[in-house]
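Tertiary structure, described
Each chain is listed here by its residues.
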Amino acid sequence: MAPCVAVESLLDTVISRLQDLDSVSKLVSNEMIPSNEVWIKIGGDHGGGSMKSIFQVLNVAEPNSCNNTVVWNIFMAKDSDRNLRTAMELNKGQVNALDQYVWKDKLLLVWLSGDYEYLTKMYGLSGACGKYFCLWCLVTRDLANIAPTDRPPVPHRTLGQIKKDVAEFNKHGAIMKSAKNFHNCIRKPFFNIPLSRVCLPVLHISLGIFHRIFKLLQHACHLHDIKILSSLVQNDAIDEPVLRSETFEEYVALVEQMVECENEAAVCKEKADMLSQTIEDIMLQSDDDDDDDDDDDDGGVRHPSLREIQEMGKEKENLYHLSEQKPENVTLLCDSVVQVTETVSDSEVHLTEARQITEKFQPDRKSVV
């Protein structure tokens, strides 16, 4: 059993925080938030061996500051559906009670924030690998590959529709293979927060995109290095007999094969995570059948989820600081391909390829300030 700690009353904790901020005149208004509203952002994040649920008051000068972050639920275990459900029992219904609460003639509105895996868990979706993977609309994986202007209109998801789909999913036996027939809704949402108040995980999306492009750039540069090295050896610029042997050609082929295997491994990991979650679903089925439903009549619900967003490891944070999401830094990184090539080769073929790599991966120079 892992330790879990939660505040006794989330509402009282938030009100106490608002009173403290109000007493020192730190509650401010801005163009985004109406003067008669107070916005509270609820979120969750797993790291350092613990899963932390936090809230932030957004009506302050620096809403994302660590000094404005309050932990209201924490447990030292994996953020699986079962663990989340068990931990949330300590504050069952308290998030819903907080939303629409009136404090000093101001309406409290709750927003939800987190990475995509967390958000899909909170709203009962099977994850980003499902046919209907999007939390905000009912676009399919096939349609997602078509430009919005070239595909038919896609209906939006709603909180009410998710609950209806979950009820139908359970009514038809809660079979995971049939989840796509119910828009991949497999359990009722944790909270009654409308999807219009769910924050896009912009940071996680940008990190994922940057990481993917950076790995492609690394691979392109490595193959470029190999071509330059091979050319230098053939022109006797480097006296290294082993590079003239079949072993070197085998090495080049193995590098390309390695990249293909890495891509295949990523796909296999997703499938393994899906199977692992399915096993957990089966184990949870009997427990869910016995659960009481105090909030609505959706019936017993299982708690499966897919691991749709892979961990990027320690390298992710380093990459983020490297780019700082600034186009000029990425441009410097891409320009270095040509600069380094010029120091080792005077071949126009090599320089042309270096320029092509630079132009392929660098941002639009017009956007660089």
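In what follows, the structure referred to is the one given above.
Residues numbered from 1 in each chain as written. Predicted model: local features only at pLDDT ≥ 70, side-chain atom pairs only at ≥ 80, totals over all residues. Heavy atoms only, no water.

**Considering the pairing of strand E3 (residues 50–57)**
The test is simple: Each residue is assigned to one of three classes by its accessible area relative to the maximum for its type, calculated with a 1.4 Å probe on protein chains only: buried under 20%, partly exposed between the two thresholds, exposed over 50%. We count a stretch as a helix when DSSP gives it H or I for four or more residues in a row; a strand needs E for two or more, and each element gets its number in order from the N terminus. DSSP calls a pair of strands paired once it identifies at least 2 bridges connecting them.
With seven of eight residues buried, E3 is to be regarded as a mostly interior element. When strand E2 (residues 37–47) meets E3, the two strands line up antiparallel, connected through eight bridges. Its bridge partner lying in E3, glycine 43 is registered against isoleucine 54. Between E2 and E3, which pair antiparallel in sequence order, lie two residues; one of them, glycine 48, sits at a positive phi of approximately 65 degrees. Strand direction decides the pairing type here: E3 and strand E4 (residues 69–75), joined by six bridges, are antiparallel.

**So, the state of the cysteines**
What counts, and what does not: Pairs of cysteine sulfur atoms within 2.5 Å are identified as disulfides in what follows.
Under the defined criterion, the tally for this structure stands at zero disulfides. Cysteine 134 takes part in no disulfide bond, and the closest cysteine sulfur, belonging to cysteine 137, lies 3.7 Å away.

**What about the packing of aromatic side chains?**
What counts here: For Phe, Tyr and Trp, where Trp contributes only its six-membered ring, two rings pair if their centres lie within 6.5 Å, and the inter-plane angle classes them as stacked under 30 degrees, edge-to-face over 60, or tilted in between. By definition, being over a ring means that NZ of Lys or CZ of Arg is both within 6 Å of the ring centre and within 35 degrees of the ring normal.
This structure, assessed with the given rule, holds five aromatic pairs. Measuring from ring centre to ring centre gives 5.9 Å for phenylalanine 169 and phenylalanine 182, while their planes differ by 70 degrees; the resulting arrangement is edge-to-face. Linking phenylalanine 169 in helix H6 (residues 159–171) with phenylalanine 182 in the loop between H6 and helix H7 (202–234), this pair joins segments that are 13 residues apart in sequence. For phenylalanine 169, a relative accessible area of 0% puts it in the buried group. For phenylalanine 182, a relative accessible area of 10% gives the class buried. The lysine or arginine in question, arginine 141, covers the ring of phenylalanine 133, its NZ or CZ lying 5.3 Å from the ring centre.

**Quick look at the environment of alanine 174**
Note on placement: alanine 174 falls in the loop between H6 and H7. The exposure class of alanine 174 is buried, given its relative accessible area of 5%. Remark: the alpha-carbon pair of alanine 174 and isoleucine 186, spanning 12 residues in sequence, is separated by 7.3 Å.

**Focus: the nonpolar core**
This is how the line gets drawn: Take the buried Ala, Val, Leu, Ile, Met, Phe, Trp, Tyr and Cys residues and link them wherever side-chain atoms come within 4.5 Å; each set so joined is a nonpolar core. The contact criterion used is simple: two residues touch if any of their non-hydrogen atoms lie within 4.5 Å.
Core analysis: the biggest nonpolar cluster contains 45 residues, and Leu18, Ile40, Leu108, Leu112 and Tyr123 have the highest contact counts within it. For this core, the element with the most residues is helix H1 (residues 10–23), which contributes six residues. Leucine 112 has contacts with Ile42, Tyr118, Leu119, Met122, Tyr123, Phe191, Arg197, Val198 and Cys199, leaving out every residue within four places of it along the chain. Residues Leu217, Cys334, Ala354 and Ile357 belong to the second largest nonpolar core, which totals 12 residues.

**Considerations on the side chain of asparagine 91**
Quick note on the threshold: What qualifies as a polar contact is a pair of N or O atoms within 3.5 Å, subject to a donor-acceptor requirement within protein and to the restriction that residues adjacent in sequence count only when both atoms come from side chains.
As for its position among the elements, asparagine 91 is in the loop between helix H2 (81–88) and helix H3 (94–98). Taking the relative accessible area as the measure of exposure, asparagine 91 reaches 4% and is therefore buried. Here the side chain of asparagine 91 touches asparagine 73 through a polar contact of 3.0 Å, side chain to side chain.

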